[in-house]
There are 8 protein chains.
Amino acid sequence: MASGQTPIDSALERLRALPFENLEFATVDHHRQLRCGHPEVIFCQGKTLAQVVAIARRLAGGGAAVLATRTSVEQRQALLAEFSTAVVNELGRGVLIESGAARVPAETDLSGAPHVALVCAGTSDLPVAEEAALTLRAMGAPFIRLNDVGVSGLHRLLPHVERWQKACAVVAIAGLEGALPSVIGGLVACPVFAVPTSVGYGSSMGGVVAMLAMLNSCASNISVVNIDNGFGAAYSASLVCQQVRTARNAAREG
Amino acid sequence: MASGQTPIDSALERLRALPFENLEFATVDHHRQLRCGHPEVIFCQGKTLAQVVAIARRLAGGGAAVLATRTSVEQRQALLAEFSTAVVNELGRGVLIESGAARVPAETDLSGAPHVALVCAGTSDLPVAEEAALTLRAMGAPFIRLNDVGVSGLHRLLPHVERWQKACAVVAIAGLEGALPSVIGGLVACPVFAVPTSVGYGSSMGGVVAMLAMLNSCASNISVVNIDNGFGAAYSASLVCQQVRTARNAAREG
Amino acid sequence: MASGQTPIDSALERLRALPFENLEFATVDHHRQLRCGHPEVIFCQGKTLAQVVAIARRLAGGGAAVLATRTSVEQRQALLAEFSTAVVNELGRGVLIESGAARVPAETDLSGAPHVALVCAGTSDLPVAEEAALTLRAMGAPFIRLNDVGVSGLHRLLPHVERWQKACAVVAIAGLEGALPSVIGGLVACPVFAVPTSVGYGSSMGGVVAMLAMLNSCASNISVVNIDNGFGAAYSASLVCQQVRTARNAAREG
Amino acid sequence: MASGQTPIDSALERLRALPFENLEFATVDHHRQLRCGHPEVIFCQGKTLAQVVAIARRLAGGGAAVLATRTSVEQRQALLAEFSTAVVNELGRGVLIESGAARVPAETDLSGAPHVALVCAGTSDLPVAEEAALTLRAMGAPFIRLNDVGVSGLHRLLPHVERWQKACAVVAIAGLEGALPSVIGGLVACPVFAVPTSVGYGSSMGGVVAMLAMLNSCASNISVVNIDNGFGAAYSASLVCQQVRTARNAAREG
Amino acid sequence: MASGQTPIDSALERLRALPFENLEFATVDHHRQLRCGHPEVIFCQGKTLAQVVAIARRLAGGGAAVLATRTSVEQRQALLAEFSTAVVNELGRGVLIESGAARVPAETDLSGAPHVALVCAGTSDLPVAEEAALTLRAMGAPFIRLNDVGVSGLHRLLPHVERWQKACAVVAIAGLEGALPSVIGGLVACPVFAVPTSVGYGSSMGGVVAMLAMLNSCASNISVVNIDNGFGAAYSASLVCQQVRTARNAAREG
Amino acid sequence: MASGQTPIDSALERLRALPFENLEFATVDHHRQLRCGHPEVIFCQGKTLAQVVAIARRLAGGGAAVLATRTSVEQRQALLAEFSTAVVNELGRGVLIESGAARVPAETDLSGAPHVALVCAGTSDLPVAEEAALTLRAMGAPFIRLNDVGVSGLHRLLPHVERWQKACAVVAIAGLEGALPSVIGGLVACPVFAVPTSVGYGSSMGGVVAMLAMLNSCASNISVVNIDNGFGAAYSASLVCQQVRTARNAAREG
Amino acid sequence: MASGQTPIDSALERLRALPFENLEFATVDHHRQLRCGHPEVIFCQGKTLAQVVAIARRLAGGGAAVLATRTSVEQRQALLAEFSTAVVNELGRGVLIESGAARVPAETDLSGAPHVALVCAGTSDLPVAEEAALTLRAMGAPFIRLNDVGVSGLHRLLPHVERWQKACAVVAIAGLEGALPSVIGGLVACPVFAVPTSVGYGSSMGGVVAMLAMLNSCASNISVVNIDNGFGAAYSASLVCQQVRTARNAAREG
Amino acid sequence: MASGQTPIDSALERLRALPFENLEFATVDHHRQLRCGHPEVIFCQGKTLAQVVAIARRLAGGGAAVLATRTSVEQRQALLAEFSTAVVNELGRGVLIESGAARVPAETDLSGAPHVALVCAGTSDLPVAEEAALTLRAMGAPFIRLNDVGVSGLHRLLPHVERWQKACAVVAIAGLEGALPSVIGGLVACPVFAVPTSVGYGSSMGGVVAMLAMLNSCASNISVVNIDNGFGAAYSASLVCQQVRTARNAAREG
């Protein structure tokens, strides 16, 4: 296209250049990874076995890592049957089909690398934390973890403050009254991505109370994702992490 | 009481013995203080000046201390015009017409007496805290106070833990995400009466979020009153305090 | 530590002194009983059999009494298999692993001891009342009970008023419109811990209506816990009871 | 009516026979009184002065009694200017333009006539009770009243039970937790029309809590109208009353 | 008791005179029928088979008719095993154990007797209508019925208007938008007891929308019961009917 | 357009071709009328006088008719000062700056033209109906009107059915229980655009009840717009009307 | 009827002329098709197999096409057993019993005929889209489809804009945040009937969030049906389509 | 730090080292800036003039930059009277008292610096955008802006995509249906902090609908703050930006 392009040309060209492919039930797009720097994600809830496998096959065939979230037992089995090397996280209900890319460093090998802190208030919140953990792995983001540090037991939480303060983003997971992010938010100087969970009973409203409490946090650095959306918080946290790493590397190389 | 009485007689006699007096617009009951050991309380919201003054006059005439809550500026002025020695708390919107009974010891004179800890998360919650403070005074319950100790500033809250741990009940007041009672609840071994406040904006829903969060607290010793109901929490807390004092005194005298 | 300590030292020391032990999925804390004077409680909903048993074993090994609430049938069986002398309350879904401490006096042996009144509006609310009863036992709090005294049958409720008036705290359990605590609150001079239940249908919203009604009670001495949280109300009530007993004993000994 | 008519003719003829008249902004129907045996009612909220007066004039011109509800101060003044003999109830915000029909017997003259019991929980609920009272007068239904008998003061409520038990319908008005109808419902054997009021604060949600509590009453004979709808409850109660009176008179005359 | 009785004596005596009997799980009261003129009702949801049968046996032994509502299949079988002549309504989930009293006249034999009109909007609402029908039978109230007359099919509804207009109360049952009572209310001059049903999908919120719509009806003679509470509406309607019949009979005999 | 283009080119070109112009506070787009065949609409709520006038001036300068909705009194005055020939609808809070295009035929001149029926349940709903009427005028859609035909007065509604049945779309406006669209929907064979209004009190929730009732209508041809959104319903209705007219004209000319 | 007929006669006659037939559980009306120009629809949820088959048999016997929506597997089997040529849509849970009328042209044969665009945001929304598709077929409305075009993938949506812009109505189906109709609304000049779906998790509230988002759309031409109501939106869309076709044909023939 | 220290020492020391100072009504903490790298923020809603000025004076005296949010007109005047060089943003209701630190580069001088993209859907959302803009300035975060790019006008939004794609975080502000973040989220590879606004009417519920829609976004990189909380989103976004800048600088210098 000629030089007289208006600004809108530029945006449109980017969009136009994105090829996509039509399955009967889904429009798959191979360029998302290029655009976003991350694997394709399949939200599996409400999809049939056949649909999930077909989408995964097509995406993996395109060379991308594929993360399947909210899978059923049957969906996990079907994906494992198809992709024998896939990483399956039962508790977190996720499957990661890695594309042969470099492995994420183990938690004990952080060596000062930009990383995420993954904090979880109670044992019952672990499935959400596992989904977040698998997502961080899929995104290539190193992370440290701490479980079972509810706010009514400050003596369990406080010793870890110093470690958290080195993270470039925190994923904070809690059900019930959802107070954990507020307490953490006051102790760190990075964004805290808060995940309300559906853990609770009675008037917990399936996590709505925790979600609303987090949205009304008195801490300034809290933002919130949907109930039980460990994936989303980890995804955003890894985007922060990735930019810090990229900036560091670019500057070093530059 | 005669020996042939059935159990129901006993309960009914107690009720029957309670005289009451009909104003045109209210049924005033002079025996409540005897029954409950506390002054009569007038909830003034939605009552006219004339009604408030008439009820107060009748009650004070009966010898009781009278606590008027949720008064308007005009109601406070009208009560002060009628009862020149009344204690007026502007911020807490309350008026206390004391009956000449012994004064509550000042905060610095606790001397080991059973007392209440009154804790408030933010400056904006002060009106509710003041209502609670006036109620504690009306009930003759000594108390200690701490303001502005929100959970995102643990370094402000923690130094006071030891003092709270000596109280026989805590009144914990917070708006926004209402996390304060959960944190305090984990640090003390007495009942925490939690007061959600309407402080907040956006999705705080006028305090409903704080209230629900408190009801879903992960701490075991939390119970909750209505939004902005500093009176109710202080009333219940003083009932605890009073029983402890009575038990101590009775045993000493016994 | 030297005499120059700031106030914050004192609070922090208390926290620091609390050892804790890390299971893979939970951070167990042996000092809670010391801090709070009560057994450790395991909220079992959403935990696996292995997790529940492991936590219970660790805690009981520390010498504490252990109360497991909201257990499933399988969890109860697993705990009983591990702790053959555990007290199992099927209706209340609780298990109490007693630590050999002194037994709670039977209901008919109150002998003037400070005690709790446990009142329940309808037959369908009994599971919640049973959870409360087991909690009171675990906490060592004597109590009297009355079932099936809904407010539309005052003739059943009134004969018991006199007995209640001797309690130092009331646990009042009701579903549907949740009016019971308001009626009781007007008849006693101690704190009433109100428990809304999920009993109802149609617009009862799983107990939310009862909960909101209790929070808006016209009685002054009502505070509220979460829906079906018989444990929480009994826990707070027993904390009142315990303080009265302690005060009495201390004064006698002093 | 001719013999060949199908059933649908009959219903349609009744409808067809009803003349109506078009004002520019309202379709007024003179036959409602014939159809329903009651005066025309103008719900004035959201209508202009001119509209209210015009509708009232037209209806009164047709010979009907006219009840204007939820009037503003200005609307009341305008109606009084037009109908100098109108009965104005300031507190109840209503205006009654009587059509010269027989007066309702005074409360002390019930003489065994079928009547309504009008019961009100608190002083702040009086405006709603006044609207109900004016409606009962407009409908020609005798009634007895009792104010300020909240459920936390049973000793004030119980002495009146016997009187209520003679009424053929009860209108029970309460805000806050709305428990009054449940208590009354258990004591009488007639329909109780429950009116939740917007009296309350915090989580009362403008009367929604009282309304929901009433709808979930454990008493069998409760039905509920909209918040603050004293008119509606009184209207339905008077329809019961009227039928009993009609039955009695018809049988006597028959 | 002597002649100097205060008014409160009178009310209390009535209450005191009511004997009651304690089962382990329920306080049964034999005098309710005398007080209310109707059979005892057992709300069976959430009760065990043993509890339901025990309560029914005790009540029937006292000579009362017994209506069991919201029974499960098993509860119906257990009651039928115990009371072989009981009337079982499968669709309405009710069981009626009649006490040998006079039978209700069949629908075609109304002969001008005071009766109820039972109207139901859709086929899916029939279970609620059946519960209402069984209740009317238990209460001895004659009634006429009409099913499947939703407001979007006025041509099906209008032919029946004339019949309804002779009833002394209407029970109007509808789900979805709940508009039926408003349309009927404008066509009759008696109380309409509206029953919202849980029939619907999507945003119907299990009947809450229908319930709220009915509470906001533009008709003046509507009052509302809980969702799916066919029992309650029929109970109130029969109380109207009974009073009209009593008045007629009393006048005839007088 | 060249032959080598992919489908995405086509869509993008359409978008690219749309010029727009940046004010400091708004991005104005002159091509909307071309794209949609309708005037530009300014939603004025929350905009300053200066903003409203500036946007209107720019748009009118482009030759388009301009419809300003939800204007304040001051905004209406400012627009009238700027556009002296503007049509101002006080009740409907709208201003129409016509572009000199052909006038809409008066209501009595429909002459068989495709038109909209605009129906309004109550006098208090008139402001919304006026907004709809002005919108229809702005869109060039002929319409007939009927006011004050609530469902509790069927005799006022039924005579007009025949007229409505000739419309190609109905705009049905109602507050309170919002039943009007259901009744109309069953009587016509065209789309009914339902507008819930905020008219009501108590539990009407500012129109939410009417809105939800309409969404749960038992009629098949109802779709719903936001509360008080007379504009939106009229806009959609006029789009139907316009297509019918265009089809008729095209066929005639073709 | 004679010439002196009032307007109301006309409307009533139309209604009266509609014969209907009473099954025991449903009032079936054969004239709806004549009145509305469409097949009879049976909403099967909550109906028994016997009821569904009986209604279908009666209606099909009257010559109408019959569309059964929200059928269970068993209901589909029962209908297929009865009507062997019925069209069954498993995913859309619908059954169409065609009356031998002309077939709808296939999607690729639109040839400029007035048609509907059926757009669906995600794979999980397909059941709702299928219900809509079957409805369009039942109504004889040609349509084009596009699946899986969520708003976070604009590059998949934009290429189709041009095709949509030729439709006379759009059915836009989306769950989660329900943004699809807003984006489409800004790109077309016809009514968009928006269908929120229950697809989502956490705080999606079963589709309520999508529904409310659509009702608050910033686009002018959006109207909304109930959650998952693919039938309703398709029904309304086909009514638009039908009128355009009729107008075109009438003009051609005229 | 001595070698014998347990991990908890470390955390506690950090907290202990933080001095704080007690005003009568607030506990001010001078070290927050050190801890968080940002100025102290005063949330002014619900605070008196005297409180706001006193807190600001104390903080500014400590050398920190001070950002006052949600100020009233009077509070802004009072702050300006005290701090004559303060930056006042009327529309955004904020005041920034800068501490003499380096100025933020102007928007046109980004020169490749890590920056935030601030995007706003409509003119009415501008106050929230202004609050965000002032916060970004206070935090020293460069940013680019775009206003009035609602999703129903894609042609206005798309030309800017390329610019946004260079930002390290996006703040996306929208009211009504809140769809903007979903559309943007699909076009960028950085975290999007979504701000729902209270702009809307009818069922928008003061921004709750927009908030819930954003929480249910189909895009993976969205996290949400409270309604109208431009401050919070900008704060989190600037924390991302700051880390990227720090990493770049550190690497360059390292």
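The coordinates are above.
What counts and what doesn't
Residues numbered from 1 in each chain as written. Chains lettered and ligands numbered in written order. Predicted model: local features only at pLDDT ≥ 70, side-chain atom pairs only at ≥ 80, totals over all residues. Heavy atoms only, no water. Helix = DSSP H or I, 4+ residues; strand = E, 2+ residues; numbered from the N terminus. Buried < 20%, exposed > 50% of the residue type's maximum accessible area, 1.4 Å probe, protein only. Salt bridge = Lys/Arg side-chain N within 4 Å of Asp/Glu carboxyl O. Phe/Tyr/Trp six-rings, centres within 6.5 Å; stacked < 30°, edge-to-face > 60°. Lys NZ or Arg CZ within 6 Å of the ring centre and 35° of its normal. Least-squares fit on C-alpha atoms with pLDDT ≥ 70 in both. Pairing = 2+ DSSP bridges. Axes fitted to C-alpha atoms, helices over the stretch in contact; angles between N-to-C directions. Contact = heavy atoms within 4.5 Å. Buried area = accessible area lost by both parts, 1.4 Å probe. Nonpolar A, V, L, I, M, F, W, Y, C, P; charged D, E, K, R; others polar. Polar contact = N/O pair within 3.5 Å; in protein donor to acceptor, adjacent residues only side chain to side chain. Right-handed = clockwise from strand over helix to strand, strands pointing away. Arc of directions from axis to C-beta. Parallel < 35°, antiparallel > 145°, perpendicular 65-115°, else oblique. Left-handed = near helix turned anticlockwise from the far one by under 90°.

Peer 1: Account for the overall build of chain A, with residues named and values stated.
Peer 2: The helix and strand inventory of chain A stands at ten helices and eleven strands. Per-residue burial over chain A gives 65% buried out of 254 residues.

Peer 1: Hey, could you go over the pattern of salt bridges for me, with residue numbers and the actual values?
Peer 2: Residue and element names in this part refer to chain G. Counted according to the given criterion, the structure contains 32 salt bridges over all chains. When the shortest N-O distance is used, the salt bridge between Glu98 and Arg137 registers 3.4 Å. With Glu98 in the loop between strand 6 (94–97) and strand 7 (116–120) and Arg137 in helix 5 (residues 126–139), this residue pair connects regions lying 39 residues apart in the sequence. For Glu98, a relative accessible area of 28% gives the class partly exposed.

Peer 1: Just give me the short version of the environment of Val244 of chain F, but keep the residues and values in it.
Peer 2: Note on placement: Val244 of chain F falls in helix 10 (residues 230–253). Residue class for Val244 of chain F comes out buried when judged on its relative accessible area of 5%.

Peer 1: Account for the packing of aromatic side chains, naming residues and giving values.
Peer 2: By the definition in use, this model includes 20 aromatic pairs over all chains. Positioned above the aromatic ring of Tyr201 of chain A, the side-chain terminus of Arg70 of chain C is 3.9 Å from the ring centre.

Peer 1: An account of the relation of the copies chain E and chain D is needed here, citing residue identities and associated values.
Peer 2: With an RMSD of 0.0 Å, the operation that places chain E on chain D is a rotation of 180 degrees combined with a shift of 0.0 Å along the axis. Both copies of the chain, as the preceding transformation shows, are related through a two-fold rotation axis.

Peer 1: I'd like a rundown of the sheet that holds strand 4 (residues 66–69) of chain D, residues and numbers included.
Peer 2: Residues and elements named next belong to chain D. With mixed pairing, four strands are arranged side by side in an open sheet as 3-4-6-5. The sheet is open, and its two borders are formed by strand 3 (40–43) and strand 5 (87–89), each paired with just one other strand. Each strand of the sheet is rotated relative to its neighbour by a mean of 15 degrees, with strand direction disregarded. Bridge count between strand 4 and strand 6 (residues 94–97): three bridges; the pairing is antiparallel. The residue bridging Leu67 from the neighbouring strand is Leu96, located in strand 6.

Peer 1: Please set out unusual backbone geometry residue by residue, giving values where relevant.
Peer 2: Residues and elements named next belong to chain G. The backbone of Arg93 shows a phi angle near 55 degrees, a positive value even though the residue is not glycine. Backbone geometry places Leu176, a non-glycine residue, at a positive phi of 50 degrees. By relative accessible area, which is 24% here, Leu176 ends up partly exposed.

Peer 1: Could you give an account of the relation of the copies chain A and chain H, naming the residues involved and the relevant values?
Peer 2: Overlay of chain A on chain H (RMSD 0.0 Å): rotation 180 degrees, translation along the axis 0.0 Å. Looking at the interface residues of chain A, 100% of them are also at the interface in chain H, so both copies use one shared face.

Peer 1: Please give an account of the interface of chain E and chain D that cites residues and values.
Peer 2: The partner chain D presents 47 residues to the 47 residues of chain E that form the contact. Taken over both partners, the interface formed by chain E and chain D buries close to 3,800 Å², and the fraction arising from carbon and sulfur atoms is 62%. Broken down residue by residue, the surface that chain E buries against chain D is led by Leu215, Ser220 and Gln243 of chain E, which jointly contribute 15%. Where chain E touches chain D, the interface holds zero salt bridges. Contributions of two or more residues to the side of chain E that touches chain D are made by helix 1 (7–16), helix 2 (32–36), helix 7 (161–164), helix 9 (208–215), strand 11 (222–224) and helix 10 (230–253) of chain E. Here the side of chain E that touches chain D takes twelve residues from helix 10 of chain E, the largest share from any one element. A per-class count over the side of chain E that touches chain D returns 30 nonpolar, twelve polar and five charged.

Peer 1: Just give me the short version of the interface of chain A and chain H, but keep the residues and values in it.
Peer 2: If you look at the interface, chain A gives 47 residues, while chain H gives 47 residues. The largest share of the area that chain A buries against chain H comes from Leu215, Ser220 and Gln243 of chain A, three residues that together contribute 14% of it. Across the chain A-chain H interface, the total number found is zero salt bridges. Put simply, chain A and chain H have six residue pairs in polar contact (both at pLDDT 80 or more) between them. Broken down by secondary-structure element, the contributors of at least two residues to the side of chain A that touches chain H are helix 1 (7–16), helix 2 (32–36), helix 7 (161–164), helix 9 (208–215), strand 11 (222–224) and helix 10 (230–253) of chain A. If you tally residues by element for the side of chain A that touches chain H, the top one is helix 10 of chain A, at twelve residues.

Peer 1: Which residues make up the pairing of strand 3 (residues 40–43) of chain A, and what values do they have?
Peer 2: All names here are of chain A. Bridge analysis of strand 3 against strand 4 (residues 66–69) gives four bridges, and the strand direction is parallel. Across the sheet, the residue bridging to Ile42 is Ala68, located in strand 4. After leaving strand 3, the chain enters helix 3 (residues 49–61) and then returns to the sheet as strand 4, a path that is right-handed.

Peer 1: An account of the sheet that holds strand 4 of chain A is needed here, citing residue identities and associated values.
Peer 2: All names here are of chain A. In spatial order, the strands read 3-4-6-5; together these four strands make up an open sheet with mixed pairing. Taken across any chain shown, the strands that pair with only one partner, and hence form the sheet edges, are strand 3 and strand 5 (87–89). The average undirected angle you get between the axes of adjacent strands in this sheet is 15 degrees. This element, helix 4 (residues 73–82), spans strand 4, strand 5 and strand 6 (94–97) of the sheet and lies at about 15 degrees to strand 6. Running over the sheet, helix 5 (residues 126–138) touches strand 4, strand 5 and strand 6 and is turned about 10 degrees from strand 6.

Peer 1: How would you sum up helix 4 (residues 73–82) of chain F? Please name residues and give values.
Peer 2: All names here are of chain F. Of the residues making up helix 4, those classed as buried are Gln75, Arg76, Ala78 and Leu79. Each buried residue of helix 4 lies within a common arc of 165 degrees when the element is viewed along its axis, so the set occupies one face. Facing away from the buried side of helix 4, by more than 90 degrees, are the exposed residues Gln77 and Ala81. Against helix 3 (49–61), strand 4 (66–69), strand 5 (87–89) and strand 6 (94–97) lie the buried residues of helix 4.

Peer 1: Give me the packing of helix 3 (residues 49–61) of chain H against helix 4 (residues 73–82) of chain H: which residues, what numbers.
Peer 2: Residue and element names in this part refer to chain H. In the contact formed by helix 3 and helix 4, the axes pass within 10 Å of each other and the chain directions differ by 40 degrees. Judged on the interaxial angle alone, helix 4 and helix 3 are oblique. The way helix 3 lies across helix 4 gives a crossing that is right-handed. Only Glu74, Gln75, Ala78, Leu79 and Glu82 of helix 4 make contact with helix 3, whose side of the interface consists of Leu49, Val52, Val53, Ala56 and Arg57. Among the residues making up the contact of helix 3 with helix 4, the classes are represented as six nonpolar, one polar and three charged.

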